[in-house]
Amino acid sequence: MKHWHIEQIAWDSFDPGKVEPEVVPLVKAAAMVERNGDDYAAYLKSVFHDDPDFQAAADNWAVEENQHGDALGRWAMLADPSFNYMESFARYRAGYKIDVKADASIRGSRTGELIARCMVETGTSSYYTALGEASDEPVLKQICRLIAADEYRHFKLFYDHMKRYLGREKLSFPRRLRVALGRVGETEDDELAFAFHCSNDPPGVAYEHARCSAGYMGRAMGYYRQHHIERSMGMIFKAIGLEPRGRMSDLAARGAWRLLCWRREKFRQQLAREAQPIYARAA
């Protein structure tokens, strides 16, 4: 069951004067990834082919993910009337494929798969919280608040199923940690970069991973604050079986915050270089 419906959003409150230009490309890209929930649900249902309870949960999860994409896409079209949400999504889905018929998890176990899903929901919950807190545009603020709450519930959904499978598969702590760190590192793979390309580059412009990744990450990282990282670290620790609050979590959060700040600056420098004329870059 959905916890909210797209018609409940106060669309009439949209205020174009409060739209921050830098956030529009991010919302467009996020709409692509969220709307791709059907493919991810198909993959999960294939991996958990003999678990009807989890399959039903995956179907419900996909319905909510798709609604996230539709809400973000609708807002993006208000912010930029030239943006065609469904046309951009068609480009994204045609070019970014996952194995929807996989007979086993790419994480090596079902427990590992569910830990990876917990990492995704940790990231999205913190991201939409950060984006919503930073935005003055009332409709985007409402959408981000609703999505962030959904993503936190999704974390709990996958976490509960992960605990069930952990009891069967007995995945060791080092392997759980490896899966979690690996999935966090995948935030800079093609999923988000290609989404940024399809939703922001005009047709005919070639996809360049480095450029598109910097375009997304250089903007997105600017909305995080340290308390978002602290909350995320607590969720990560919980997923891998560590105490979510305490000295270790605090130290890890401080380290992650410093790493994020360093990566953000690197991406911003890359964006600045690409904004220069070609002759200036060659000088």
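Residues numbered from 1 in each chain as written. Predicted model: local features only at pLDDT ≥ 70, side-chain atom pairs only at ≥ 80, totals over all residues. Heavy atoms only, no water.

Caption draft 1: The arrangement of the confidence of the model for the protein in detail. Here the protein shows a mean pLDDT of 93. Residues at 70 or above account for 96%. A low-confidence stretch, residues 278-283 (pLDDT under 50), is modelled with three contacts involving residues beyond four sequence positions or located in other chains. (pLDDT = per-residue confidence, 0-100. Contact = heavy atoms within 4.5 Å.)

Caption draft 2: Expanded view of unusual backbone geometry. Phi at Lys 170 takes a positive value of approximately 55 degrees, unusual for a residue other than glycine. In this structure, Lys 170 sits in the loop between α6 (138-169) and α7 (173-185). Judged by its relative accessible area of 61%, Lys 170 is exposed. (Helix = DSSP H or I, 4+ residues; strand = E, 2+ residues; numbered from the N terminus. Buried < 20%, exposed > 50% of the residue type's maximum accessible area, 1.4 Å probe, protein only.)

Caption draft 3: The packing of helix α5 (residues 110-134) against α7, seen in detail. At a closest axis distance of 9 Å, the pairing of α5 and α7 adopts a crossing angle of 40 degrees. Taken together, α5 and α7 sit at an angle that is classed as oblique. Our pair here, α5 against α7, has a crossing hand that is right-handed. Each of Gly 112, Ile 115, Ala 116, Met 119 and Val 120 in α5 lies in contact with α7, whose residues at this interface are Arg 176, Val 179, Ala 180, Arg 183 and Val 184. Considering only residue class, the contact of α5 with α7 consists of seven nonpolar, one polar and two charged. (Axes fitted to C-alpha atoms, helices over the stretch in contact; angles between N-to-C directions. Parallel < 35°, antiparallel > 145°, perpendicular 65-115°, else oblique. Left-handed = near helix turned anticlockwise from the far one by under 90°. Nonpolar A, V, L, I, M, F, W, Y, C, P; charged D, E, K, R; others polar.)

Caption draft 4: Looking closely at the layout of surface pockets. In this structure, the largest pocket encloses a volume near 1,200 Å³. As for the largest pocket, its lining consists of 44 residues, and the residues nearest its centre are Met 119, Gly 123, Val 184, Thr 187 and Tyr 224. (1 Å grid on protein atoms, 1.4 Å probe; cavity = no way out; pocket = protein on both sides within 12 Å on 5 of 7 lines; lining within 4 Å. Points joined across faces, edges and corners; volume = space filled by probe spheres on them.)

Caption draft 5: Just the packing of aromatic side chains, in detail. With the rule as written, the count across this model stands at 13 aromatic pairs. Between the aromatic rings of Tyr 127 and Tyr 224, the centroid separation amounts to 6.2 Å while the plane-to-plane angle is 35 degrees, which identifies the pairing as tilted. With Tyr 127 in helix α5 and Tyr 224 in the loop between α9 (209-220) and α10 (226-240), this residue pair connects regions lying 97 residues apart in the sequence. Residue Tyr 127 is classed as buried on the basis of its relative accessible area of 6%. (Phe/Tyr/Trp six-rings, centres within 6.5 Å; stacked < 30°, edge-to-face > 60°.)

Caption draft 6: Looking closely at the environment of Ala 76. Tracing the chain through its elements places Ala 76 in helix α3 (residues 52-79). As for Ala 76 and Leu 26, which are separated by 50 residues in sequence, their C-alpha atoms are 9.3 Å apart. When residues no more than four places from it in sequence are discounted, the contact partners of Ala 76 are Val 27, Lys 28 and Phe 83.

Caption draft 7: The nonpolar core, seen in detail. By size, the foremost hydrophobic cluster in this structure holds 85 residues, and its most contacted members are Ile 9, Trp 75, Tyr 92, Ile 143 and Tyr 216. If one sorts the elements of this core by residue count, α6 sits on top with 13 residues. (Core = buried A, V, L, I, M, F, W, Y, C linked by side-chain atoms within 4.5 Å.)

Caption draft 8: Representation of helix α2 (residues 37-47) in the model. Most of α2 sits out of view: eight of its 11 residues are buried. Taken residue by residue, α2 has Gly 37, Asp 39, Tyr 40, Ala 41, Tyr 43, Leu 44, Ser 46 and Val 47 as its buried positions. Elements that come into contact with the buried residues of α2 comprise α1 (23-35), α3, α4 (85-95), α5, α6 and α8 (190-200).

Caption draft 9: How the structure looks around the pattern of salt bridges. Here the structure, examined in full by the defined rule, presents 14 salt bridges. With a closest N to O distance of 3.1 Å, Asp 59 and Lys 45 form a salt bridge. One end of the pair, Asp 59, is in helix α3; the other, Lys 45, is in helix α2, with 14 residues separating them in the sequence. The class for Asp 59 is partly exposed, based on a relative accessible area of 35%. Here Asp 51 and Arg 164 are joined by a salt bridge, their closest N and O atoms 2.8 Å apart. (Salt bridge = Lys/Arg side-chain N within 4 Å of Asp/Glu carboxyl O.)

Caption draft 10: The arrangement of the packing of α5 against α10 in detail. Two numbers describe how α5 lies on α10: the axes approach to 10 Å, and their chain directions differ by 165 degrees. By the criterion of interaxial angle, the relationship of α5 to α10 is roughly antiparallel. By crossing handedness, the relation of α5 to α10 is classed as right-handed. Where α5 abuts α10, its residues Ile 115, Cys 118, Met 119, Thr 122, Ser 125, Ser 126, Thr 129, Ala 130 and Glu 133 lie against His 227, His 228, Arg 231, Ser 232, Met 235, Ile 236 and Ala 239. Across the contact of α5 with α10, the residue classes tally to seven nonpolar, seven polar and two charged.

Caption draft 11: Layout of α6. For α6, spanning 32 residues, the distance from its first C-alpha to its last is 46 Å, which sits close to the expected 46 Å at 1.5 Å a residue. You can read the cap of α6 off the contacts: a side-chain oxygen lies 3.0 Å from the backbone nitrogen of Val 139, and it is on Glu 137. One or two residues past the end of α6 sits Lys 170, with phi positive at roughly 55 degrees. (Expected span 1.5 Å × (residues − 1). Polar contact = N/O pair within 3.5 Å; in protein donor to acceptor, adjacent residues only side chain to side chain.)

Caption draft 12: Main features of the side chain of Arg 211. For Arg 211, the position within the fold is in helix α9. Looking at Arg 211, its side chain comes within polar contact range of the side chain of Asp 201, at 2.8 Å.

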